[in-house]
Structure formats: C-alpha cells, structure tokens
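Next come the chains, spelled out residue by residue.
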Amino acid sequence: MFQQVALLLFAVFFLIRMFFVLFYWLRLLWAGRKNADSKSEPLSLILTVRNEEENIRAKLPAILNIKNCDFEVVAIDDFSQDNSLSVLGVLRKENQKLKVSSLNQETRFSAKLAQNIAIKGAKNDWVMTIPASVSDFGDDWLAKISLAAGENQNVVINYSNVIASKGFANLIYRIERFFQQTKSAGFLINRLPFVYFEENVAFRKNKYFELGGYGMKIKEPFANLELLVNIFIRKKQTALLFNSQTAIRNEEEIATIDYFELLKKSFRIEKHLSWIKRQMLHFENFSKLLFLPLVVFVIVLFTAIWPIVAVMVGIPVLMRVFIIKILQNRLNERKIFISSLIYELIVPYFKVVYRWHFNRRSRNQKWRSSF
C-alpha cells in the first residue's frame, strides 16, 4: 500500500510539472516576438532620480537623442543632495524633450510621490518608467514599444535586467531577474497576468488615475507602480514584447544586499496579488520543491524501475533546459545558462527558508509598531 501511494504521488507530480512546462514555459517560445499592427503612440518616459548626477550626465543624453519615436522624458528630482537637479536643468535647455521638476523636501514614500508628479505632468497617454542607470537598449527600443501600444492595449511588457559584470552577486541577481520575468510572462499568457518590475513597462496613464493613484498602497516599502499595474492588467489588453529589441539593461554595481532586496520585493508583490494568482504561484512552487525529493525517494524505493523513472524525469527537465536556452538567446542573456540550471535546482529551497524568515521579521516589526 505504501509503495502504491509513493508511485501515485510521483505520477501526479510528474503530470503537474509537465503541465507547467508545457503551458507556462513552452508557450513562451511563441509569445512576445511580434509587435501589434497599430499606429505609433507617443510615450512619456518617467524618470525619478535621487543623487544620480553621474548617471544623468553619462546616460540620459543618449535617450534624449533617440530620433525614431515621438516621446518626452519627465524627470523628477527626489530631493537629491548632489548636482542631479542642476544637470537636469542644463540638459533641459539643450533638449525640449526633457521636462524637469523636483521635490523640495524629504518625505516618506518620496519615490511614489515623485512618480505621481511625473505622471500628472506627462502630456502623452502612455507612460513608462525608466531608471537613470539604463545604458543598453536597441535602436528601435522606443519605436517598437510605441507601435505595440495600440487602441486595444493598456499595458506593454518588456524585458529589463542589469549589465553583466564581475562578481557572484551580479550573476545571481541577473539570473533571478530572468526567472522572475519569465515566470510572470508565463502567467500572463495563461490569463493570470502580473509584473515583478515597473521599469520598461508602458501603460495608459488614465488607468493610474482611475485607481486614484497609489492610495493605501503608498505605504508598501518594497514596490511602486508594479502594485497598481497588477490591479488593472488584463491578458487581452496586454502586449508582451519578450525580445532583445525592446529589452533594456542598466549599468549598476550589484551587491549581495541588492539580491536580497530583489527577493523581498518579489515576496511583497506576490502578497498584493489576487487570491487565484497567489494560489497558482504557491502551487507551482510547491510542486517544484517536492518533485526532486519524490524522484530520489522513488528511485531508492523501486531500484528495479529506475530507468523508467529516469526517462520520465528527463522529459520535463530536458524540455525546461531547451526552453531556458532559447529564451536566453532571444533576450540576449549571455553566459548565465549553466549557472541558471544550477540556480534553479538549488535556490528554490533556499527561498522557502528566506521567505519564512522575511515574513516572520515583517510580522514582528508590524506588531512592535502597533504599540
């Protein structure tokens, strides 16, 4: 009886993993490669900066000099202590595409307040946040996004990551961002859309105002516009451009703390999702975590049939490897393939422990703050 139950559990989890590989991963190979046929929509790029003088000098002129798209840059200085505002002022005199404003005092949740000012000041119907550190983008980056922003769309999702550099923190940070965005893209094509990142995601600004802006979500410390996009995003009204042509990369020095902040942000974003999306995320994570121990257990318990078990396990694993390689090539994510496979095998178990630790600390801090 015990052996029959073990075999049944293995068969069930094998089918579950095949389901996610086929419907949440394999379908990505045919999704997000073409632009919608529509007229080009002008964009308002939202740039909130705080002590970004060097990035503004080095990187913003290249964006302002893009010629094949109708756009503006609305920059809000978030009470910088360096010369960020002065540099923006100089660039404003040189380029009429740039609009500049500022927050003149330190406030809580100032990043959200700065974004609110920028969205209110945007003249175009479509807005998109960009970081001051963006330095790698294609020639048709904005042009293709503006074409995808058609009459029947409310959101255009594009890929973003950081530029590869030396260091283990940079490597695992890039891998985690890749997996987060492929996961959200897989959920999108299965009518459970959400995003983990606000940058390089365009949306209609009227959707922001229909929600009344941030409202109570202004108190969330780990996420900004992602919280609002995840409320109004719908599969039929979302364009997914999952390719290198609309991808951007930021030139940032990544430390270990940045990786952990990335994990915390994803945990908090998932907390704000609808019940069905949270349950599907839990279900996917749960099946992934239990599948490997079940495989080992069945092979040990049924040594006579280990070749059959190995073949069954090899099918979803090889498909997953194949899909990851194609997606990384399409997104021009180089030199993380082998590391990604090792990461996906080990890190999900670490995330369970770290999520528990993070949630426990968050509850304790909330409890203390109530006194």
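Residues numbered from 1 in each chain as written. Predicted model: local features only at pLDDT ≥ 70, side-chain atom pairs only at ≥ 80, totals over all residues. Heavy atoms only, no water.

Engineer: Describe in detail the overall build of the protein chain, supporting the description with residues and values.
Structural biologist: Scanning the protein chain from N- to C-terminus turns up twelve helices and ten strands. Whereas a compact globule of 371 residues would reach a radius of gyration of roughly 21 Å, the protein chain reaches 22 Å, a difference of no more than 12%. For the protein chain, the proportion of its 371 residues judged to be buried stands at 51%. Surface accessibility of the protein chain: about 18500 Å² in total, with carbon and sulfur atoms responsible for 59%. (Helix = DSSP H or I, 4+ residues; strand = E, 2+ residues; numbered from the N terminus. Rg over C-alpha atoms; globule rule 2.2 N^0.38 Å. Buried < 20%, exposed > 50% of the residue type's maximum accessible area, 1.4 Å probe, protein only. Areas by Shrake-Rupley, 256 points an atom, 1.4 Å probe, with all protein chains shown as cover.)

Engineer: How would you summarise a nonpolar patch on the surface if you had to cite specific residues and measurements?
Structural biologist: The grouping of Leu292, Val296, Val300, Ile338, Ile342, Leu345, Ile346 and Tyr349 at the surface amounts to a nonpolar patch, some 750 Å² of accessible area in total. Looking at the nonpolar patch, the elements with two or more residues in it are α10 (275-301) and α12 (337-369). If one sorts the elements of the nonpolar patch by residue count, α12 sits on top with five residues. By relative accessible area, which is 32% here, Tyr349 ends up partly exposed. (Patch = residues over 30% accessible without salt bridge, like charges linked within 9 Å, V, L, I, M, F, W, Y side chains within 5 Å. Salt bridge = Lys/Arg side-chain N within 4 Å of Asp/Glu carboxyl O.)

Engineer: So, the nonpolar core: which residues are in play, and what are the values?
Structural biologist: In terms of nonpolar packing, the biggest core is built from 70 residues, with Val155, Ile157, Phe203 and Leu240 touching the most fellow members. At eleven residues, helix α6 (residues 168-189) tops the list of elements feeding residues into this core. Among the nonpolar cores identified, the runner-up in size contains 32 residues, and Leu47, Ile56, Phe71 and Leu142 belong to it. (Core = buried A, V, L, I, M, F, W, Y, C linked by side-chain atoms within 4.5 Å.)

Engineer: So what's going on with the sheet that holds strand β4 (residues 126-129)? Which residues, and what values?
Structural biologist: The seven strands are arranged β3-β2-β1-β4-β8-β6-β9 in an open sheet whose pairing can be described as mixed. Every interior strand has two partners, whereas the edge strands, β3 (98-103) and β9 (238-241), have only one. Pairwise comparison of adjacent strand axes, ignoring direction, gives a mean angle of 20° for this sheet. Two elements, strand β1 (residues 43-49) and strand β2 (residues 71-78), share seven bridges in a ladder whose sense is parallel. Bridge assignment links Ile46 to a residue of β2, and that residue is Val74. Across the sheet, helix α3 (residues 84-94) lies against β1, β2 and β3, angled at about 155° from β3, the strand it touches most. (Pairing = 2+ DSSP bridges. Axes fitted to C-alpha atoms, helices over the stretch in contact; angles between N-to-C directions. Contact = heavy atoms within 4.5 Å.)

Engineer: Please provide a residue-by-residue account of the environment of Phe350, values included.
Structural biologist: Among the secondary structure elements, Phe350 is positioned in helix α12. In contact with Phe350, not counting residues within four places along its chain, are Tyr259, Phe260 and Leu263.

Engineer: For the packing of aromatic side chains, give the residues involved together with the corresponding values.
Structural biologist: Each pair of aromatic rings is reported with the distance of its centres and the angle of its planes. In total, this model carries 25 aromatic pairs according to the counting rule given. Considering the side-chain rings of Tyr24 and Phe187, the 5.0 Å spacing of their centres and the 65° angle between planes classify their relative orientation as edge-to-face. Of the two residues, Tyr24 sits in helix α1 (residues 2-25) while Phe187 sits in helix α6, which places them 163 residues apart along the sequence. You can call Tyr24 buried: its relative accessible area is 7%. By relative accessible area, Phe187 is classed as buried at 2%. Ring geometry for Phe260 versus Phe350: centroids 6.2 Å apart, planes at 65°, classification edge-to-face. Of this pair, Phe260 sits in helix α9 (residues 256-271) while Phe350 is found in helix α12, placing the two residues 90 residues apart along the sequence. A residue is classified by how much of its surface remains accessible, and Phe350, at 34% relative accessible area, is partly exposed. Following the ring pairs from residue to residue traces out a cluster consisting of Phe19, Phe20, Phe23, Tyr24, Phe187, Phe194, Tyr196 and Phe283. (Phe/Tyr/Trp six-rings, centres within 6.5 Å; stacked < 30°, edge-to-face > 60°.)

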